[in-house]
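Architecture at a glance
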Amino acid sequence: MSDPATPPRSLAEALRHRDDASLGALLRARPDLITPVPTDLTQLATRAGTRASVVRALERLDRFALQTAEALAVAAEPASYAELLGLMAGDERDAAVVEALPHALGTLREQALVWGGDDRLRLVRTARELLAPSPQHPSPTGLGPTVAEATAGMSPGRIQEIVGAAGLPSTHDAVSAVAALTGLYGDRARMAALLEQAPAESLEVLARLVWGPPYGQVTADPAPRLRWLLDRGLLLPTAPGTVVLPREVALHLRGGHAHRTTEPVPPAVEPTAVHRPQVVDAAAAGQAYTALATVAELLKDWHEGGPAVLRAGGLSVRDLKRTAVALDLPEPVAAFWVELAYAAGLLASDGEADERYAATPAYDEWLERPAAERWARLAEAWLTATRTSGLVGGRDAKDRSLATLGPGLDRSAAPEVRHRVLSLLAGLPEGAAPAADSVLARLRWERPPRGPQPGDDLRARLARWTLSEAEMLGVTGRGALSAHGRALLGAPAPSPSQTLPEVPGDRLPVHHHTPAPPPPLEPLTPAEQATASAAAIRLLAPLLPEPLDHVLLQADLTAVAPGPLERPLADMLDVLADVESKGGATVYRFTPGSVRRALDAGRAAGDLHAFLAAHSRTPVPQPLTYLIDDVARRHGRLRVGAASAYVRCDDDAVLNEILADKRAAGLRLRRLAPTVLATQADPAALLDGLRAMGFAPAAESADGDVLITRADAHRTPPRTAPEPVRDGPPTPDATLLSAAIRAIRAGDLASTTPRKPSAAPVSGGALPRTTAAETLATMQAAVLTGETLWIGYVNAEGAASQRVIAPIRVEGGFVTAYDHTADEVRTYPLHRVTGVAELADDGD
């Protein structure tokens with residue numbers, strides 16, 4: 001075992017010095033390291049240094065921690081804390097950097113990207129390879145190679161010439177000459193004296209290269225200003241026609257700074273407007289009600305079966321346009337509501353041969369819930385969904401169009417970005433709406449984009465979409481986080497310092513110096529989310545309008561619903577009238593066609609009169625009564641059945657009128673009897689044709705009874721909501737972390753505990769080998785002496801492992817022992833034990 005007082009010689013030894021809390025923090029920050037659980041700390045260290053794992057860890061660093069890692073990549077290895085501080089804080093020792101650097105270095109250590117004491121800091125080799133500057137991969141620091149790296153292929157004679165021109169005594173070999181140059185360039189006083197002799201034009205050349213890129217082009221016969229720099233090694237050739245500014249020279253010119261701009265403090269999220277919390281909550285509740293109405297209207301539009309599923313999956317552009325027109329929304333907004341209903345499990349494809357989208361059985365259950373509960377289900381689905389409607393209409397990696405409900409819309413970063421954006425809003429005072437640019441700046445600091453266009457990275461687009469979608473869904477109101485939105489996140493109530501004083505009016509004064517935000521909110525577990533959602537429901541429910549049981553009938557054949565209607569009333573009105581306009585109040589219009597639709601659904605005229613009288617706060621207008629009676633009187637006088645189709649009527653004058661009408665020519669009717677007409681058209685086409693001519697026919701069955709036509713609700717088989725697509729393994733919970741650490745510790749004990757020398761020494765990671773008789777005898781002796789043994793074991797699946805056990809009982813071909821590896825008592829078949837060895841005493 002390693003001595004805690006001895007400096008670690010490797011990352012594995014550094015991990016052995018950690019306590020369980022520190023190991024747990026590492027595995028929580030980098031969950032890919034325990035998938036699967038490593039056998040020991042050496043394997044954990046090896047996995048922590050793999051390229052894929054290091055890249056993932058670097059991508060999750062904030063800007064200042066990443067800048068610290070970049071500075072270590074250009075520092076000597078190993079570097080001291082003083083050298084790192086000089087690279088980060090410069091010669092003037094920026095106070096903000098001095099204060100923030102210990103935390104950034106602690107983050108790198110916690111995530112096993114840096115190991116070693118403050119006097120010997122080492123960046124993990126893979127991280128150094130990724131971050132160190134090279135001609136193929138320039139460093140964000142803008143620094144070039146060191147003097148030693150730039151002169152690696154230079155002739156010893158040329159190096160001596162540079163040493164002499166720089167005013168240094170000649171040396172006996174190239175190595176000492178390079179060391180002398182490095183010492184000169186790193187000495188502030190001597191370097192300043194050398195540059196005082198430089199022509200002004202030469203200093204201008206250095207100024208152009210100092211912040212990078214450090215490479216420049218020269219001709220075969222350099223100008224005097226360049227020749228002066230080349231002679232003294234302030235520029236070094238790297239290839240024919242190319243020169244580079246050595247790293248040590250650049251650091252002197254920069255005043256020791258590794259970066260042009262060091263960002264130790266995250267940018268603040270500044271509010272642009274502050275509203276009274278009551279106004280914010282009311283606006284958010286109004287949006288929440290609109291969200292529920294929009295989803296219900298969408299699925300009502302697809303009630304009898306929605307659009308067909310494309311062969312490649314998803315909704316066609318034409319169907320999305322039609323849906324957007326039906327909802328009276330822009331196409332991107334319509335795509336959002338379709339995707340949200342899909343994420344909440346309210347719609348899916350029906351899976352039939354002619355596959356179409358339709359509501360699921362869960363939609364009917366959802367409709368029966370109170371409004372606040374329906375909203376909570378939509379909001380929860382939005383928070384965790386990885387499907388991103390903002391991508392609709394774009395192109396994938398294979399240049400294929402991305403369709404609504406189609407493949408390719410999952411982005412694993414979406415839930416994390418949504419949660420983080422809302423957490424930033426929760427850190428502002430109540431009623432404060434942030435500037436979108438300040439939110440994006442904060443996110444870019446927390447996760448610096450690695451692409452060539454930082455302003456157009458995926459996280460920035462996700463953040464913008466989050467702000468607009470949260471407003472549409474009613475999580476925010478007027479740009480500020482609502483009380484029920486805060487509860488949905490599980491965020492604590494605002495502190496007194498974040499609560500603004502009550503003043504008259506809607507908008508409050510904006511204070512740009514907001515208090516420090518609280519720590520970032522952690523994502524909730526399912527149980528915690530259920531509790532948070534219940535709290536959000538309690539806050540939202542009183543703000544939503546209560547459903548009404550009445551309408552206001554008007555003389556112009558319209559009915560006004562001054563608010564949301566109870567479901568039975570709304571369903572009946574949808575059949576009896578057409579929606580004319582929406583908004584705070586919904587206006588329905590009664591037409592002959594809408595009344596006939598109600599009669600076709602089996603309602604009698606008396607039923608319609610009674611219904612309107614019972615649910616109208618105003619007297620039923622006489623024109624509406626006349627309309628219902630007139631349509632009912634003519635309804636069913638004509639009967640259409642299957643001949644292919646026929647028309648019968650007791651009044652032959654009506655049939656004569658039909659035959660004489662030129663609009664009936666397309667139906668190709670012929671008289672079979674004085675009261676019967678027949679045609680080759682199907683009954684549905686005949687019904688539509690006669691209704692277009694102004695008649696009110698009714699369909700009848702083969703028995704002569706009037707067919708009652710109702711809109712059949714098409715439902716899919718039971719469907720589950722789509723699972724979010726995760727980016728790597730999920731963060732382990734406390735139980736998994738505890739078990740993983742225990743297993744890693746035990747495996748490390750088995751692999752590092754000294755063994756007594758034996759006749760057949762074991763090398764590398766091989767299992768001990770002994771005969772069955774030797775194994776049995778050693779086990780039995782250990783039971784009597786209480787010694788601990790090291791064994792090799794092969795399980796029933798053929799997997800081999802090393803274990804440290806303390807035998808308790810040996811009988812019947814089995815050994816019962818306390819297994820230090822598993823930290824429990826286990827029983828092992830002796831025939832699966834490959835061999836056994838005694839562990840050395842502590843003094844051996």
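About the cut-offs
- Residues numbered from 1 in each chain as written.
- Predicted model: local features only at pLDDT ≥ 70, side-chain atom pairs only at ≥ 80, totals over all residues.
- Heavy atoms only, no water.
- Helix = DSSP H or I, 4+ residues; strand = E, 2+ residues; numbered from the N terminus.
- Rg over C-alpha atoms; globule rule 2.2 N^0.38 Å.
- Buried < 20%, exposed > 50% of the residue type's maximum accessible area, 1.4 Å probe, protein only.
- Contact = heavy atoms within 4.5 Å.
- Areas by Shrake-Rupley, 256 points an atom, 1.4 Å probe, with all protein chains shown as cover.
- pLDDT = per-residue confidence, 0-100.
- Axes fitted to C-alpha atoms, helices over the stretch in contact; angles between N-to-C directions.
- Parallel < 35°, antiparallel > 145°, perpendicular 65-115°, else oblique.
- Polar contact = N/O pair within 3.5 Å; in protein donor to acceptor, adjacent residues only side chain to side chain.
- Pairing = 2+ DSSP bridges.

Turning next to the overall build of the protein. From N to C terminus, the protein includes 33 helices and 26 strands. In terms of overall size, the protein is more extended than a compact globule, its C-alpha atoms giving a radius of gyration of 39 Å where 844 residues would be expected to give roughly 28 Å. Projected onto its principal axes, the C-alpha coordinates of the protein cover approximately 125 × 90 × 60 Å. Taken across its 844 residues, the protein has 45% of its residues classed as buried. In the protein, of all internal contacts separated by at least 6 residues, the share reaching a separation of at least 24 is 66%. Of the roughly 40,700 Å² of accessible surface on the protein, a fraction of 55% belongs to carbon and sulfur atoms.

As a general rule, the predicted coordinates of low-pLDDT regions are not to be interpreted in detail. Residues with a pLDDT of 70 or more make up 90% of the protein, whose mean pLDDT is 86. The spread of mean pLDDT over the elements of the protein runs between strand β12 (residues 507-508), the lowest at 58, and helix α18 (residues 331-343), the highest at 96. Long-range and interchain partners of residues 500-504, a stretch whose pLDDT sits below 50, account for ten contacts in this model, where long-range means more than four residues apart. In the model, residues 759-764 has pLDDT below 50 throughout and makes three contacts with residues more than four positions away in sequence or in other chains.

Another point: the packing of helix α16 (residues 277-301) against helix α23 (residues 458-473). Across the interface, α16 lies against α23 with an axial gap of 6 Å and an inter-helix angle of 85 degrees. Judged by the inter-axis angle, α16 sits roughly perpendicular to α23. Every residue of α23 that contacts α16 at Q287, A288 and A291 is listed here: E471, M472 and L473.

Tracing the chain through its elements places Q67 in helix α5 (residues 63-74). Of the polar contacts made by the side chain of Q67, one reaches the backbone nitrogen of E263; its length is 3.1 Å. Apart from residues no more than four positions distant in its own chain, Q67 is found in contact with M88, H259, T261, T262 and E263.

Take the sheet that holds strand β4 (residues 236-239) next. Overall, antiparallel pairing links the three strands, which are arranged β3-β5-β4 in an open sheet. Looking at the sheet topology across the chains shown, the edges are occupied by β3 (215-217) and β4. Within the sheet, the average angular offset between the axes of one strand and its neighbour, ignoring direction, is 40 degrees. Inspection of the sheet shows β4 paired to strand β5 (residues 242-244) by three bridges, in the antiparallel sense. Within the sheet, the bridge partner assigned to L236 lies in β5 and is V244.

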